[in-house]
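Remarks on the overall topology
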Amino acid sequence: MDLKHISHLIDTSSAKLFGLMPDGERIYSFELSNENGMKVQIINYGATVTSLQIPLENGKLEDVVLGFDNLDAYLQSYNLPSAPYFGTTVGRYAGRINKGSFTLNDTTFQLAGNNNGNTLHGGNEGFGEKVWSFTNLTHGKNPSITLRLLSENLDENFPGELQIGLTYTLTEENELTLEYKAVTTEDTIINLTHHSYFNLNGHDSSVLDQEMFVNSDKILETKPDNIPSGNFTNLSGHAFDFRSPKNCPAVIDNSFVIESKNEIAATLFSKKNNLKMNVFTDQPSVHVYVGGNCFDTLKGKENADYHPSSGICFETQNFPDAPNHAHFPSSVLKKGEQYHQKTVYQFQKIN
């Protein structure tokens, strides 16, 4: 895959202008829709999903992800006491890295300590704050769009020039499929994920009455600063054993180990809408996080007041701090190799 030479940027005449960056660069919003009426809107700031509308009875569309109506709010959200990363693509490394430090090929790299001295979601300016390029828009059945980003060598002090492609596809089976590919000019570490906050009752409510299932029998044990200890916690008898569905907890920020790649990794179910979301992934974990708080500072879409239980994230990814644990799945992408990751969010009406 050659991501470096991008010669087919798509025509933005069919796009909606979403806003202007501080330097005047235009940010666009594209919409994909399938033949069932499901719609997803994506902007090239952060390769971000701003809206995901699911058809219900009587032609009603329910927007099931949190977000903002304008670019300025997305920009301001990174100044909140805890940035929500609504709908963004997280990188270069999703999750936390202990003390912002890792060693690769006998060289130690020091990253930004943007989360209590640890590195979170790529550092001070991760991929969610970067302007991506739109390419390869397809129409008709199973419409898709690809976004691309070039992350320079030593961007946030990660080694290697990294070229990333992310394709969003909206299938006729009401699936939002995300497929990531990346190559690097030097050995590096990588861990990409999607950070939508889902709420099947609609983005302006609470997830606490929705049921969650996670196909996992253990989570990563963490220290008080939420850095993995290297050990695992067995979930038998644990409050976070979601192998039998139960309501979303008010507080959770944990990585569930996913060992089967061909089964549903997690589900979310709304009794109110009889709507179910299944999550499929080829990654070793799903990090589950309930949140969305905007601290009464920013308004969400349609003037919504987002609070600490407004949405739930299912972040399909490698383990946090994997570069510092030899027994964790490797996060190293070598020069000449290709990173590949696929995640599917599938929506079903339950009669």
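A few points on the structure. Quantities reported herein were computed from a predicted structural model and do not represent experimental measurements.

1. Observations concerning the overall build of the chain
If you tally the helices and strands in the chain, you get one helix and 27 strands. A compact globule built from 351 residues would reach a C-alpha radius of gyration of about 20 Å, and the chain, at 19 Å, matches this within 12%. With respect to the principal axes defined by its C-alpha atoms, the chain has extents near 60 × 55 × 40 Å. A total of 351 residues make up the chain; the buried ones form 58% of that total. For the chain, the exposed surface amounts to about 14,300 Å²; the carbon and sulfur share of it is 44%. Taking the average location of the 26 positive side-chain charges in the chain and that of its 41 negative ones, the two points are 3 Å from each other.

2. A short note on the nonpolar core
Among the nonpolar cores identified, the biggest contains 60 residues, and Leu 52, Tyr 168, Phe 314 and Phe 347 are the most heavily contacted of them. With five residues, the top contributor of residues to this core is strand 13 (residues 162-170). If you look at the next biggest cluster of nonpolar residues, it comprises 22 residues, including Met 21, Ile 27, Phe 68 and Cys 313.

3. Let's talk about the side chain of Thr 281
In this fold, Thr 281 is placed in strand 23 (residues 275-281). From its side chain, Thr 281 meets the backbone nitrogen of Gln 283 in a polar contact 3.0 Å long.

4. Here's the deal with the packing of aromatic side chains
By the definition in use, this model includes 18 aromatic pairs. Each ring, one from Phe 68 and one from Tyr 74, has its centre 5.0 Å from the other, and the planes form 85°; the classification is edge-to-face. Aromatic rings pair up to connect Phe 18, Phe 68, Tyr 74, Phe 86, Tyr 197, Tyr 289 and Tyr 306 into one cluster. Positioned above the aromatic ring of Phe 242, the side-chain terminus of Lys 246 is 5.2 Å from the ring centre.

5. Let's talk about the sheet that holds strand 12 (residues 144-151)
Taken in spatial order, the nine strands line up as 11-12-13-14-27-23-22-17-20 in an open sheet, and their pairing is antiparallel. The strands lining the two open edges of the sheet, one partner per strand, are strand 11 (133-138) and strand 20 (246-247).

About the cut-offs
- Residues numbered from 1 in each chain as written.
- Predicted model: local features only at pLDDT ≥ 70, side-chain atom pairs only at ≥ 80, totals over all residues.
- Heavy atoms only, no water.
- Helix = DSSP H or I, 4+ residues; strand = E, 2+ residues; numbered from the N terminus.
- Rg over C-alpha atoms; globule rule 2.2 N^0.38 Å.
- Buried < 20%, exposed > 50% of the residue type's maximum accessible area, 1.4 Å probe, protein only.
- Areas by Shrake-Rupley, 256 points an atom, 1.4 Å probe, with all protein chains shown as cover.
- Lys, Arg positive; Asp, Glu negative; His and termini not counted.
- Charge placed at Lys NZ, Arg CZ, Asp CG, Glu CD.
- Core = buried A, V, L, I, M, F, W, Y, C linked by side-chain atoms within 4.5 Å.
- Polar contact = N/O pair within 3.5 Å; in protein donor to acceptor, adjacent residues only side chain to side chain.
- Phe/Tyr/Trp six-rings, centres within 6.5 Å; stacked < 30°, edge-to-face > 60°.
- Lys NZ or Arg CZ within 6 Å of the ring centre and 35° of its normal.
- Pairing = 2+ DSSP bridges.

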